[in-house]
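Examining the three-dimensional arrangement
Below, each chain spelled out in residue letters.
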Amino acid sequence: LTVADSEGNQATATFVVTVRPITLVRQEHAARGFRIDTPEGWSVQKDVPIEGDVEPVDLVALGPGPYGRETSLVVVSEATAVRETDAFLRETATALLAEVRNEFGYIEVVRPVEIISTRNARGAVFEYTYPAGGMNQAWLLVASASRGRLYATVFTIDASSAAMYRPFYEAIFASFEVIDT
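Since this is a predicted model, take the numbers as computed values, not measurements.

Attention shifts here to the overall build of the protein chain. What the protein chain contains, in helices and strands, is two helices and 12 strands. Counted from the first residue to the last, the protein chain has its helices and strands arranged as β-β-β-β-β-β-β-α-β-β-β-β-α-β. Projected onto its principal axes, the C-alpha coordinates of the protein chain cover approximately 70 × 35 × 35 Å. Considering the protein chain as a whole, with its 181 residues, one finds that 42% of them fall into the buried category.

Right under this line is the structure:
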């Protein structure tokens, strides 16, 4: 970039942009009825038991994170009556965000609840930073009436790296697919 003023003085600045390729690998959990892309090279496990929960987490993908902090992608689903409407998704996501606020206290909402399209469904997304923990989480909620399930996908990363990785988890969220029954 070169800038000149009215007196002919000039200054030049250079800015280097590094583009990282996004390589994703398709994962399927047939029993829970979904497919999602996960980052290549990440450790992926299905049906992971979590202490204190009756049901295991459907899918956990762990990857290296910036600054030595682990980055994760978690998919959990619940058998429940759902409606595949934008209003239902928005209402459910807003209620979940309120629960997060109650649990963590102060959070900074980076992306308020909005509706997006995934590979074959509609979803509600929101994103927040928990400053006290230095953590950023982006959520995707998808409802499937035919499966009778509500799917929640959560991408967790160090707060200082969230903006840089946003295209990464947006691509992951866009890949979510409900398997036809």
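Turning our eyes to something else, we now look at the sheet that holds strand β5 (residues 43-48). The antiparallel open sheet is built from seven strands, whose spatial order is β5-β6-β7-β11-β10-β9-β8. On the outer flanks of this sheet lie β5 and β8 (108-117), each paired with one strand and no other. For this sheet, the mean angle separating the axes of adjacent strands, direction not counted, is 15°. Pairing geometry for strand β6 (residues 57-63) and strand β7 (residues 71-79), over five bridges, is antiparallel. Its bridge partner lying in β7, Val-60 is registered against Val-74. Most of the contacts of helix α1 (residues 86-104) go to strand β9 (residues 122-130), to which it runs at about 20°, and overall it touches β8, β9, β10 (135-144) and β11 (149-158). Packing against the sheet, helix α2 (residues 162-174) makes contact with β7, β8, β9, β10 and β11, and its axis sits at approximately 155° to β11.

What follows deals with the confidence of the model for the protein chain. A low pLDDT means the predicted coordinates there should not be read in detail. Across the protein chain, the average pLDDT comes to 90, with 95% of residues at or above 70. Of all helices and strands in the protein chain, the one with the weakest mean pLDDT is strand β1 (residues 2-4) (80), whereas strand β12 (residues 177-178) scores best (98).

For α2, with 13 residues, the first-to-last C-alpha span of 17 Å sits near the 18 Å given by 1.5 Å per residue. The largest bend in α2 comes to about 30°, at Phe-168. Where α2 is concerned, the buried positions are Ala-162, Phe-168, Tyr-169, Ile-172 and Phe-173.

Here we come to the pattern of salt bridges. Per the counting criterion, the structure on display carries 11 salt bridges. Arg-35 is paired through a salt bridge with Glu-28; the nearest N and O atoms lie 2.7 Å apart. Among the residues examined, Arg-35 registers a relative accessible area of 22% and is labelled partly exposed. Among the ionic pairs, Asp-58 bridges to Arg-32, the shortest N-O distance being 2.8 Å.

We now examine the environment of Ile-36. On the secondary structure map, Ile-36 appears in strand β4 (residues 34-39). Placed 33 residues apart in sequence, Ile-36 and Val-3 show a C-alpha to C-alpha distance of 46 Å. Filtering out sequence-adjacent residues up to four positions away, Ile-36 remains in contact with Val-25, Arg-26, Gln-27, Leu-59, Val-75, Thr-153, Ile-172, Ser-175 and Phe-176.

Calculation criteria
- Residues numbered from 1 in each chain as written.
- Predicted model: local features only at pLDDT ≥ 70, side-chain atom pairs only at ≥ 80, totals over all residues.
- Heavy atoms only, no water.
- Helix = DSSP H or I, 4+ residues; strand = E, 2+ residues; numbered from the N terminus.
- Buried < 20%, exposed > 50% of the residue type's maximum accessible area, 1.4 Å probe, protein only.
- Pairing = 2+ DSSP bridges.
- Axes fitted to C-alpha atoms, helices over the stretch in contact; angles between N-to-C directions.
- Contact = heavy atoms within 4.5 Å.
- pLDDT = per-residue confidence, 0-100.
- Expected span 1.5 Å × (residues − 1).
- Bend = angle between axes of the 7 residues up to and from the residue.
- Salt bridge = Lys/Arg side-chain N within 4 Å of Asp/Glu carboxyl O.

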